[in-house]
Amino acid sequence: MPMSDFRQTTLANGLRIAAEIDPRGYSASFGYFVRTGSRDETDLEAGVSHFLEHMMFKGTARRTAADVNRELDELGGNSNAYTSEEQTVYYATVLPKYQDRILDLLSDMLRPSLLQSDFDTERKVILEEIAKYEDQPPFGAFERVLERHFGPRGLGRRVLGTAESIRDMTRQTMLDYFSRRYAPSNLVLAAAGNVDFDGLVATAERLTAGWGGLIPASPPPPDDANRLPVGIELDGIIPSPDANQAYWVRMNPSPHLSDPNRYPARLMTSILGDDTGSRLFWELVDTGRAESCTMWSQEFMDAGAMFTMLVCDPDDLAENREVVEAEIERLSREGVDDDELKQAINKALAGCIMSNERPSNRMFGVGNGWQLRGEYTDLDTVLDRYRKVTADQVAKLASDYLNRPATDTLVTASPEAMSEG
Amino acid sequence: MSTSAATLQQTVDESVRVEQLDNGLTVIAQPMPWLRTAAFAIAVRGGVQAEPDGREGLAGLLCEMAQRGAGPYSSRDVVALQDNLGLDHSAGVSTALASFGAAMPGQSLHEALALYAEIIRRPHLPEDQLDESRLGALHEVRAILDEPTQQVILKLKAMQYGRRDGRATCGNEPGLNAITIDDVRGFFEQRFRPDGAIIGIAGNFDATAAIDQVRELFGDWQGQQIAIPADRGGGPGYEHIQQDSSQTHIGLSFDSVPLADPNYYPMRAGVGILSDGMSSRLFDRVREQRGLCYSVSLSAHSLIDRGAIIGYAGTTPERAQETFDVTLREIEALADGIEPGELERLKVRVQSGLIMEQESSWSRVSSLVSDWYHRGRIVTMRELEQRIESLTVAEIVDYWKQHPPGGYRIVTLGQQPLNVPH
């Protein structure tokens, strides 16, 4: 008996709708996935995708900002939004009886008023958000390593922008960006759980009937590739005088999100650097030599990144880095043995089963897959792909990717430690 | 809202079984056969309040060392088992408890319980690994120095609850450095006892079989808990931590009631109106209307015999004083009145949350263990929903009038101290 049923359609205005329906669910989850993020911005627009995400909660022709927030709360459940390098996502999980009301609200939010007064107030909130992350480990190391690897534009563009780019941003820039990026053909409406699909399509059709009229502004002037965007540096060391620990982030290239090699890649990073039971865990964390040392992979549409993050006492950094580099080198040379691969597969399978239990997580799977890969993958197919990974595949992948040039960034109070590395 | 109770009645099957073993261990089992997962949590009275003075960090260290080999398993065996069974596991300490738990695919439960019986009852606590555990714990203490928000909250808890009950769960450097293997083993002998211990299980499993298994694994476990005298430490005050940070981090707390208190619900509802959701007063008036900060929040915290309300806001230095003033004003203005709509929204949130708790064995098991520890009984979701449904504006306002916020503990971290009420 199939656990759930996948259905999809495309409306006349280009909006794609995809849903995984499980009538036994207690809740239903809905999300608009907009194919726009920091990689789609120019220097003048740096941070606008995320700023715009905030502005979607600030009211529409039919609702004030207070109405939007109040109605989201009136429908209970969990609702929020996030912005990444490639997507901006608005979502909510509610009881099934609220399907029409939440669709009305989310759809209305996507045609925002974007008033100047709200823009000015929200700019302050964004600047506070940037300041908040400046105080938090790893103090900008991820942003910097991506900037160094991809360059400060495209996938290397900071999602929040910089304090400078946000201060300089104008409402007109945002309006133009919105007009180019929020056409219905650039959006996916995803749903999962106890969803009435026919009702969903009919409601969406009615609510988005006027969306086709959006006229895209002309493209912004191209960036000057010879100049760094304002507020950006590319140095591999970030001095942080108050930091007690050293934070070292290393990035290797990795398979992208449609590459079949992403499964062996995920298992390889798990074997090498999962937060428990991995080779680096036993070498550095179990022994108390580092506070943490973890690896994970992140997949983009046309590129992938394998991150290693080491946090330890600055005095132990040089030695610990050598351990990390030696383990990476050993894996690229020797591959993995069957037992550790089996253990990593079992861990991955259980993780998938557990994270798929909630409709909200299923909805993200459906929306990301449909928007970024144009495909739907059910849970059993994903489990099967993990089960079929062999030690040979991991070894081949390791010898390829782990030998490509890596990029790194270090945050420390005492940058001289770097020269010893 | 008359339909909401009906929804929960219709959708939720709550067959909770509670069994008390002769040795004092309580087993609580709630089957949720519609799930693919199961979860368990085991709590013993081994929290930081039981640590001897000068050994701060001992509870957490024991919790970590217990997993470095137990019964027939080496340290590596434990991890291999956890991974192969697919356990999403955690272990940690609070003021009163040391807890171990995991969520997993349902079919792993049997073997997982057997593994954790070894960890709780027969850990090796190897002397030759004490230094490695200690180093790990010292890393955690130092890591917090890089986390201003955590630093503020830790300091605030110490001011709120006093030297013993307000202890940091990670300990401190002198305490950790003083710990010997005899301290670890002695704390284990004293605190990892069945009397007062709780095992909760929820999810897709057979309750009768699981309870029988627990009886088999833990039935001959012996030992009494040593009662810990009440601590009345903690008092009002203001402390500023000087640091050249981008934001000023503001924490504030004041006395409240514990979970088992009949006044808990009107108190908690008031906190919800101030801070739960995007239409809550603090989010709306501090962030949305004024753009003063990105994060502002208030939450209820409970020990077994005392409770506190704890608030946090982070904002750049030039806006810190205004953020603090507006936040405090909103908290104190709650007793002036509540709109019926504010309470209605809160009720929908609670109801939705309860229904969605049915979708996760882990969140359910956490509630089971917390209920038993704090209240000595299980509050069914239906009972909880009815209690929330019965709340009135008058009851909430009345509570907040009779227990006006005051006696503040205030901590700031940043470039400059603030002007705070005395």
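Within any chain, residue numbers begin from 1 and follow the written order of that chain's sequence. As they are written, the chains are lettered A onward and the ligands numbered 1 onward, keeping that order. Reporting of local features is limited, given that this is a predicted model, to residues whose pLDDT is at least 70; pairs of side-chain atoms are given and counted only at 80 or more, and all residues count toward the totals for whole chains, interfaces and linings.

Student: How would you explain the overall build of chain B if you had to name every residue and give the values?
Tutor: A run of H or I in DSSP counts as a helix once it spans at least four residues, and a run of E counts as a strand once it spans at least two, with each numbered from the N terminus. A count of helices and strands for chain B gives 16 helices and 11 strands. Values of the radius of gyration come from C-alpha atoms, whereas the globule rule sets the reference at 2.2 Å times the count of residues to the power 0.38. Taking 422 residues into account, the globule formula puts the C-alpha radius of gyration at 22 Å, and chain B, at 23 Å, falls close to it. Counting all 422 residues of chain B, 50% fall into the buried class. We call two residues in contact when the distance between their C-beta atoms, placed using the backbone, is within 7 Å. Counting contacts in chain B only where the partners sit at least 6 residues apart, residues at least 24 apart contribute 82% of the total. Backbone-placed C-beta atoms define the burial measure: a residue is buried with 20 or more other C-beta atoms within 10 Å of its own, exposed with 12 or fewer, and partly exposed in between.

Student: So what about unusual backbone geometry? Which residues, and what values?
Tutor: Residues and elements named next belong to chain A. Between P137 and the following residue, P138, the backbone shows a cis peptide bond with an omega angle of 0°. By the element assignment, P138 lies in the loop between α4 (116-134) and α5 (141-150). Positive phi values are uncommon outside glycine, yet L114 reaches one of about 50°. Within the fold, L114 resides in the loop between α3 (99-109) and α4. Classification of L114 as partly exposed rests on a count of 17 C-beta atoms within 10 Å. Residues other than glycine seldom take positive phi values, yet F139 does so here, at roughly 50°. Locating F139 in the fold gives a position in the loop between α4 and α5.

Student: Got a sec to walk through the pairing of strand β10 (residues 307-315) of chain B? Specific residues and values, please.
Tutor: Residue and element names in this part refer to chain B. Judged by how many residues are buried, β10 sits mostly within the fold: nine of nine residues are covered. The alternating pattern of β10 places G307, I309, G311, A313 and T315 and A308, I310, Y312 and G314 on opposite faces, both of which are buried. Only strands that DSSP links by at least two bridges are regarded as paired with each other. Of the strand pairs in this sheet, strand β8 (residues 248-256) and β10 are connected by nine bridges, and their pairing is antiparallel. The residue of β10 that forms the bridge with S253 is I310. Bridge count between strand β9 (residues 295-302) and β10: eight bridges; the pairing is antiparallel. When the bridges of β10 are listed, S297 appears paired with Y312. The hairpin turn running from β9 into β10, its antiparallel successor, is four residues long.

Student: Let's hear about the interface of chain B and chain A: which residues, and what values?
Tutor: Accessible area lost upon the coming together of the parts is a frequently used measure of interface size. Facing the 56 residues of chain B at the interface are 47 residues of chain A. For the side of chain B that touches chain A, the secondary structure elements donating two or more residues are α3 (75-84), β5 (98-105), α5 (130-145), α11 (281-288), β10 and α13 (340-357) of chain B. In terms of residues, the side of chain B that touches chain A owes the most to one element, α5 of chain B, which gives 11 residues. In this classification, the charged set is Asp, Glu, Lys and Arg, the nonpolar set is Ala, Val, Leu, Ile, Met, Phe, Trp, Tyr, Cys and Pro, and all remaining amino acids, among them Gly, are polar. Looking at the side of chain B that touches chain A, its residues break down into 17 nonpolar, 22 polar and 17 charged.

Student: Describe the confidence of the model for chain B, naming the residues involved and giving the relevant values.
Tutor: Residue and element names in this part refer to chain B. Averaged over every residue, the pLDDT of chain B is 94; the share at 70 or more is 97%. Confidence per residue, as judged by the predictor, is encoded in pLDDT with a range of 0 to 100. Per-residue pLDDT stays below 50 along residues 1-11; that stretch engages in 16 contacts with residues further than four places along the chain or on separate chains. If you check the scores for this complex, the pTM reads 0.93 and the ipTM reads 0.91.

Student: Quick rundown of helix α15 (residues 391-401) of chain A? Include the residues and the values.
Tutor: Residue and element names in this part refer to chain A. For α15, every residue scored as buried is listed here: V394, L397, A398 and Y401. All buried residues of α15 lie within an arc of 100° about the axis, which places them on one face of the element. Those residues of α15 that are buried lie in contact with β8 (246-254), α9 (262-273), β10 (304-312), α11 (317-334) and α12 (338-355). Taking the helix axis as origin, the arc is that swept by the directions to the C-beta atoms.

Student: How would you explain the sheet that holds β5 of chain B if you had to name every residue and give the values?
Tutor: All names here are of chain B. Read across the sheet, six strands follow the order β1-β2-β6-β3-β5-β4 without closing on themselves; strand pairing throughout is mixed. Edge positions in the sheet fall to β1 (17-20) and β4 (88-93), since each has one partner strand and no second. The mean inter-strand angle of the sheet, taken between neighbouring strand axes irrespective of direction, is 10°. Sheet topology note: the strand β2 (residues 26-31)/strand β6 (residues 198-203) ladder contains six bridges and is parallel. Within β6, the position partnered with I28 by the bridge is G200. Here helix α4 (residues 109-121) sits on the sheet and contacts β3 (37-44) and β5; the angle it forms with β3, its principal contact strand, is near 15°. Fitted lines through C-alpha atoms serve as axes, helices being fitted only where they are in contact, and the angles separating the N-to-C directions of these axes extend from 0 to 180 degrees.

Student: Mind laying out the domain arrangement of chain B, listing which residues take part and the relevant values?
Tutor: Residue and element names in this part refer to chain B. Considered domain by domain, chain B is made up of domain 1 (7-218) and domain 2 (237-414). Reported domain spans reflect what an automatic or database domain assignment gives. Taking only C-alpha atoms into account, the centre of domain 1 sits 27 Å from that of domain 2. Listed by partner, the interface residues are 39 residues for domain 1 and 36 residues for domain 2. The set of elements that each furnish at least two residues to the side of domain 1 that touches domain 2 consists of α1 (2-11), β2, β3, β5, α6 (148-165) and β6. With 11 residues, the top contributor of residues to the side of domain 1 that touches domain 2 is α6. Tallied by class, residues from the side of domain 1 that touches domain 2 come to 24 nonpolar, 12 polar and three charged.

Student: Tell me about the environment of F188 of chain B, and please be specific about residues and values.
Tutor: Residues and elements named next belong to chain B. Along the chain, the position of F188 falls in helix α8 (residues 181-191). Sequence separation between F188 and A66 is 122 residues; the distance between their C-alpha atoms is 9.0 Å. Apart from the residues lying within four places of it in its own chain, the contact partners of F188 are L62, P123 and L125.

Student: Got a sec to walk through the packing of α12 of chain A against helix α14 (residues 379-387) of chain A? Specific residues and values, please.
Tutor: Residue and element names in this part refer to chain A. In contact at an axis separation of 9 Å, α12 and α14 are set at 170° when each is read in the N-to-C sense. Classified by the angle between their axes, α12 and α14 sit roughly antiparallel to one another. Of α14, the residues touching α12 (which contributes I345, A348, L349 and C352) are L379, V382, L383, Y386 and R387. Looking at side-chain class alone, the contact of α12 with α14 contains eight nonpolar, no polar and one charged residues. Every angle not falling under 35 degrees, over 145, or within 65 to 115 is termed oblique; those three ranges are roughly parallel, roughly antiparallel and roughly perpendicular.

Student: Hey, could you go over the environment of L303 of chain B for me, with residue numbers and the actual values?
Tutor: Residues and elements named next belong to chain B. Take L303: it is sitting in the loop between β9 and β10. As a C-alpha pair, L303 and S94 span 209 residues in sequence and 9.4 Å in three-dimensional space. Contacts of L303, omitting those with residues within four sequence positions, involve T95, A96, Y161, D165 and P258.

Student: Please set out the sheet that holds strand β11 (residues 409-414) of chain B residue by residue, giving values where relevant.
Tutor: Residues and elements named next belong to chain B. Pairing is mixed across the open sheet formed by five strands, whose spatial order is β7-β11-β8-β10-β9. Strands with a single pairing partner mark the edges of an open sheet, and in this sheet they are β7 (237-242) and β9. Between one strand and the next, the sheet's axes are offset by a mean angle of 15°, whatever the strand orientation. In the sheet, β7 pairs with β11 via six bridges, with the strands oriented parallel. What sits directly across from H240, in β11, is T412. Of the strands in this sheet, β8, β9 and β10 touch helix α10 (residues 264-275), which is tilted by about 170° from β9. The strands touched by α11 are β9 and β10; relative to β9, the strand with the most contacts, the crossing angle is about 155°.

Student: I'd like a rundown of the nonpolar core, residues and numbers included.
Tutor: Most often, soluble globular proteins have nonpolar side chains that are buried together. One finds A19, F30, Y32, I102, L106, A190 and A191 of chain A to be the most contacted residues of the largest nonpolar core, which totals 104 residues. Residue contributions to this core reach at least three from each of two domains, namely domain 1 (7-218) and domain 2 (237-414) of chain B. Counting 73 residues, the second largest nonpolar core, distinct from the first, contains M354 of chain A together with A112, L176 and I199 of chain B. Put simply, a nonpolar core is a cluster of buried Ala, Val, Leu, Ile, Met, Phe, Trp, Tyr and Cys residues tied together by C-beta atoms within 7 Å.

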